[in-house]
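Structural overview
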Amino acid sequence: MRGKLLPLAGLYLVQGLPYGLQSGLLPVLLRARGLSLTRVGLAKALYAPWLFKLVWAPLVDTRGSPRAWLTLSTAALGLVCGLLASHPPAAAGQAGLPVTVAGLLLLLNLAAAVQDVALDTLAVRLLEPAELGPGNTVQVVAYKLGAVLAGGGLLAFVPTLSWPLLFLLLAATYWLAAALTWVAPALRQLPTPLPSEHPRHTLHLGQDLLAVPGTLWTVGFVLTYKLGEQGTSGLFPLLLLDCGISAPELGLWNGVGAVACSIAGSSLGGALLARRRQPLPLLKSALQFRLGGLACQTAVLFHLDSPGASLAPSTVLRGAALLSLCLQHFLGGLVTTTTFTLMMRCSQLAPSALQATHYSLLATLELLGKLLMGTLAGTLADSLGPRLCFSVFLALSAMPMLYLGLAPNTLA
């Protein structure tokens, strides 16, 4: 199993780099330059290519090998990063990202989305049912490690590390990963669907995907399970920045510290799943703990929004705010690993030639739910105020617990 997990870990790590760059580094840089929460949130529209993975997922399923798609998309990421090295980000006082930088970031997301489909295809075909728990732990942990390296880790070095040097390092990393992907022995032994197994690329494809047992319920769950968590995780660090915490310190806690806790939560989820714990009961317990953690963070937010509240060093409120960040990321990691295991279990119920497209459908809808709330969270905070906004997030986090009771037996 180690021969399968090591290459998957390396590939998911480099896949997390663009997400960390845009979710951890750019929002803080833009907010520090005076952009409103609404404008910072709207910058996440650059994730749009991820919502169209179903356009090329059937091609990855039936045209060429996943290894070839993975190598080409990873090399393309290196090329885009090389181009970004020659274009600086927004300067102080500028209304937003320059058009050229925004366009290149859009291409970066396009290449990363193609890479994601090819990599998920590898994972679905490579892992046996008993390997899903450890495999999805590797997926989530490595992805988040890549995100923290490109997000919070780099933020702690701003402005020491220049923009050109940052993207040249990323380009070299992607080109090295592309070369290793092409020569990795474990990736050369993938089973390929027989010609008779190729899915029909017609209007019936959607019906075929939804006919897979458990799909309709899983679609509803992945669309909603992260709504509240995504809203708070995107807004709370920016509100701490407004309250006086510096960008390097915030990068340390919300990047390195919080994601380390997220990795610990994901690892705990993988360990419990490896001990034959069933995903649905584990998910129920994790969602209950997450709701409690979010309630604590909301209470901290209410205190921060009160007159005279201070986040000065060594204060109890400052410690509680930073601790709540780490707690939510720990519980979020546990929930995410268990959910992705459930998604992959559902996709393995599909015919082999439909598995990549099926998993891409679930992953796209999972991202859509997160992206929708991540984009609108700033607008909600500007219009409703932090207190009412976080109360809405708390209610949204309770919904998946009720929905879990409707899960079909095929996913048990």
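The shown structure was predicted, so the numbers you read here are calculated from the model rather than taken from an experiment.

**Section: the overall build of the protein**
A tally of helices and strands in the protein yields 16 helices and zero strands. Per-residue burial over the protein gives 54% buried out of 412 residues. In the protein, the share of contacts with a sequence separation of at least 24, taken over all contacts with a separation of at least 6, comes to 87%. Here the protein displays about 16700 Å² of accessible surface, and carbon together with sulfur accounts for 71% of that area.

**Considering the side chain of K226**
Secondary-structure assignment places K226 in the loop between α10 (215-224) and α11 (227-242). A distance of 2.7 Å separates polar atoms of two side chains, one belonging to K226 and the other to E229. Excluding residues within four positions of it along the chain, K226 makes contact with R290, G332, T336, E366 and K370.

**A short note on the environment of L294**
Relative to the assigned elements, L294 resides in helix α13 (residues 279-304). In this structure, the C-alpha to C-alpha distance between L294 and F393, residues 99 residues apart in sequence, is 8.6 Å. Apart from residues lying up to four places away in sequence, L294 is in contact with T232, Q328, F393, L394 and S397.

**Here's the deal with the UniProt feature "transmembrane region" (unreviewed entry) in the protein**
In this numbering, the UniProt entry assigns the feature "transmembrane region" (unreviewed entry) to residues 68-85, 97-119, 140-159, 165-187, 252-274, 316-344, 356-378 and 384-406. Across residues 316-344, the secondary structure splits into 100% helix and 0% strand, with the terminal C-alpha atoms separated by 42 Å. The straight-line gap between the two end C-alpha atoms of residues 384-406 is 32 Å; of that span, 83% is helix and 0% is strand.

**Details of the environment of L287**
The topology assignment puts L287 in helix α13. Among the residues examined, L287 registers a relative accessible area of 0% and is labelled buried. When the C-alpha atoms of L287 and G332 are compared, they prove to be 8.7 Å apart, with 45 residues separating the residues in sequence. When neighbours within four sequence positions are excluded, L287 is seen to be in contact with F221, V335, P400, M401 and L404.

**Side note on the nonpolar core**
Among the nonpolar cores identified, the biggest contains 80 residues, and L21, L84, L105, L108, F167 and W217 are the most heavily contacted of them. The element best represented in this core is helix α5 (residues 99-126), accounting for 16 residues. Within the second largest apolar cluster, 24 residues are counted, among which are V28, L301, L322 and F390.

**Notes on the pattern of salt bridges**
For the structure shown, the criterion picks out three salt bridges. With its nearest N and O atoms 2.8 Å apart, the salt bridge here joins E229 to R290. Taken together, the positions of E229 in helix α11 and R290 in helix α13 put the pair 61 residues apart, joining distant regions of the chain. Like E229, the residue R290 is buried in the burial classification. The network of salt bridges with shared partners includes K226, E229 and R290.

**Digging into the side chain of S397**
Its location among the elements puts S397 in helix α16 (residues 386-403). Classification of S397 as buried rests on a relative accessible area of 2%. Here S397 is in contact with G228, E229, R290, L291 and L294, once residues within four sequence places are set aside.

**Some points on the environment of W163**
Relative to the helices and strands, W163 resides in helix α8 (residues 163-183). According to the relative accessible area criterion, W163 is buried, its value standing at 10%. For the pair formed by W163 and H87, sequence separation is 76 residues and the distance between their alpha carbons is 8.3 Å.

**Brief notes about the packing of aromatic side chains**
Under the criterion given, the structure shown has five aromatic pairs. Every member of this aromatic cluster is reached through a ring pair, and the members are W217, F221, Y225 and Y403. Its end group placed over the ring of W182, R67 keeps NZ or CZ at 4.0 Å from the ring centre.

**A closer look at α11**
An ideal rise of 1.5 Å per residue puts 22 Å on 16 residues; α11 measures up with 23 Å between its terminal C-alpha atoms. Across the 16 residues of α11, 13 count as buried, placing the element largely inside the fold. Directly beyond the C-terminal end of α11, a positive phi value near 115° is found at G244.

What counts, and where the lines are drawn
- Numbering of residues starts from 1 in each chain and follows the order in which that chain's sequence is written.
- Local features are withheld for residues below a pLDDT of 70 in this predicted model, meaning they are given only at 70 or higher, and side-chain atom pairs are given and counted only at 80 or more; totals for whole chains, interfaces and linings count all residues.
- Excluding hydrogens and water, the side-chain values take into account all heavy atoms of the structure.
- Where helices and strands are cited, they refer to DSSP runs of H or I of at least four residues and of E of at least two residues respectively, numbered from the N terminus.
- The classification of residues rests on relative accessible area computed with a 1.4 Å probe and restricted to protein chains. Under 20% of the type maximum is buried, over 50% is exposed, and intermediate values are partly exposed.
- In this description, contact between two residues means that some pair of their heavy atoms is separated by no more than 4.5 Å.
- The Shrake-Rupley method, run with a 1.4 Å probe, gives the accessible areas here. Residue values count only the displayed protein chains as cover.
- What qualifies as a polar contact is a pair of N or O atoms within 3.5 Å, subject to a donor-acceptor requirement within protein and to the restriction that residues adjacent in sequence count only when both atoms come from side chains.
- UniProt positions are given in the numbering used here, feature names are shortened, and annotations may be inferred rather than shown by experiment.
- As used in this record, nonpolar core signifies buried Ala, Val, Leu, Ile, Met, Phe, Trp, Tyr and Cys residues forming a set joined through side-chain atoms within 4.5 Å.
- Any Lys or Arg side-chain nitrogen found within 4 Å of a carboxyl oxygen on Asp or Glu counts as a salt bridge.
- Centres within 6.5 Å make a pair out of two Phe, Tyr or Trp rings, where for Trp the six-membered ring is used; the pair is then stacked when the planes are under 30 degrees apart, edge-to-face when over 60, and tilted otherwise.
- Note on criteria: charge over ring means Lys NZ or Arg CZ within 6 Å of the ring centre, with the direction from the centre no more than 35 degrees off the ring normal.
- Expected helix span is given by 1.5 Å per residue-to-residue step, counting one fewer step than there are residues.

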